[in-house]
Amino acid sequence: MRVVIGCDHAGVKLKEHLKKYLKNWGVEVEDMGTFEETPVDYPDIAFPLAKKVAGGDFDRGILICGTGIGMSIVANKVKGIRAAVCWDEYTAQVARTHNDSNILCLGGRVLSFKEAERILKIWIEGNFEGGRHERRVRKILEIERSRGDG
Ligand code: RB5
């Protein structure tokens, strides 16, 4: 699995931690920054990263800001992206099994490293269940198509 990761200043420490964690599992990770705690604007990270995932350069993406919320708002502007803010093991599992989310958004200011590790592991390993959820995801794609989003 090829994963791309990015963060703003509020997510740098957690990003560095999770990168090591992913590499230990043998997951290929590309880091799109930011690399320092100097303030940056989360749309500048989230939008290009989401386009890379939507374009098929990567299988999945991970975005980290203070809460995960700003990153998810931006990433979900990109057609084909289903970015999910997850804050515990249940939301991580359902974001994959029901929503087929392709970007995980985490809050560097609201999660401990251990909590984030657990969320990430479940999200990375989770598989889409399909079935009734397939129909619902198809409806999301229909909405995108009907808006002529490209
Ligand atoms: C930065 O201070 C903070 O607003 C940002 O990281 C994020 O939480 C936005 O959603």
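Procedures and definitions
- Every residue gets a number counted from 1 within its own chain, in the order that chain's sequence is written.
- The predicted origin of the model limits local features to residues at a pLDDT of at least 70 and limits the giving and counting of side-chain atom pairs to 80 or more, whereas totals for whole chains, interfaces and linings rest on all residues.
- Excluded from the side-chain calculations are hydrogens and water; all other atoms, namely the structure's heavy atoms, are used.
- Relative accessibility under 20% of the residue-type maximum defines a buried residue, over 50% an exposed one, and the middle range a partly exposed one, all with a 1.4 Å probe and only protein chains included.
- We count a stretch as a helix when DSSP gives it H or I for four or more residues in a row; a strand needs E for two or more, and each element gets its number in order from the N terminus.
- Strand pairing is defined by DSSP finding a minimum of two bridges between the two strands.
- The term salt bridge refers to a pairing of a side-chain nitrogen on Lys or Arg with a carboxyl oxygen on Asp or Glu at a separation within 4 Å.
- An axis is simply a line fitted to the C-alpha atoms; with a helix, the fit covers only the stretch in contact. Between two such axes, the angle follows the N-to-C directions and lies from 0 to 180 degrees.
- Residues count as neighbours in contact if any of their non-hydrogen atoms are within 4.5 Å of one another.
- Only buried residues count toward a nonpolar core, which is a set of Ala, Val, Leu, Ile, Met, Phe, Trp, Tyr and Cys residues joined through side-chain atoms within 4.5 Å.

Colleague: Help me understand the pairing of strand 5 (residues 103-107), please; the structure alone is not making it clear to me.
Modeller: On a regular strand, each side chain points to the face opposite its neighbour's, so the side chains alternate between the two faces of the sheet. By the criterion of burial, strand 5 is predominantly enclosed, with five of the five residues buried. Across the two faces of strand 5 the burial is the same, with I103, C105 and G107 and L104 and L106 all buried. Summarising the sheet, strand 3 (residues 60-65) and strand 5 pair through five bridges and their orientation is parallel. If you follow I64 over to strand 5, its bridge partner there is L106.

Colleague: Mind showing me how you'd approach the pattern of salt bridges here?
Modeller: Think of it this way: side chains of opposite charge can pair up when their charged atoms draw near. Counting across every chain of the model gives 13 salt bridges. Salt-bridge contacts for K15 lead to D31; the nearest nitrogen and oxygen are separated by 2.8 Å. Note that K15 is positioned in helix 1 (residues 12-24) and D31 in strand 2 (residues 28-31), a separation of 16 residues in sequence. A salt bridge links E16 to K19, with the shortest nitrogen-to-oxygen separation between them at 3.2 Å. One end of the pair, E16, and the other, K19, are both in helix 1, three residues apart, so they sit about a helical turn from each other.

Colleague: Please explain the sheet that holds strand 2 as it appears in this structure.
Modeller: Pairing between the strands of a sheet is mediated by backbone hydrogen bonds and can be parallel or antiparallel. Strand order in the open sheet formed by five strands is 2-1-3-5-4, with parallel pairing between adjacent strands. Pairing within the sheet leaves two strands with one partner each, and these edge strands are strand 2 and strand 4 (83-85). With strand direction ignored, the average angle separating the axes of adjacent strands in the sheet is 25°. Where strand 1 (residues 2-7) meets strand 2, four bridges bridge the pair, whose relative direction is parallel. Residue pairing for strand 2: I5 is matched across the bridge by D31. Together, strand 1, strand 3 and strand 5 form the strand contacts of helix 2 (residues 42-54), whose direction differs from that of strand 3 by roughly 170°.

Colleague: When you look at the nonpolar core in this model, what are you seeing that I'm missing?
Modeller: Within the largest apolar cluster, 23 residues are counted, with the highest numbers of intra-cluster contacts made by L22, I62, I64 and L106. At five residues, the largest contribution of residues to this core is made by helix 5 (residues 113-125). Look past the residues within four positions of L106 in its chain and what remains in contact with it is L14, L18, I62, L63, I64, C65, T67, G68, C86, L111 and I119. Formed by 17 residues, the second largest nonpolar core is a distinct cluster that contains F58, L63, V74 and I81.

Colleague: When you look at the environment of C105 in this model, what are you seeing that I'm missing?
Modeller: With respect to the helices and strands, the residue C105 is situated in strand 5. Owing to a relative accessible area of 0%, C105 belongs among the buried residues under this scheme. Once the C-alpha coordinates of C105 and G70 are considered, the two residues, 35 residues apart in sequence, prove to be 9.0 Å apart. If we ignore the near neighbours within four places in the chain, the residues touching C105 are L63, G68, M71, S72, A83, A84, V85 and C86.

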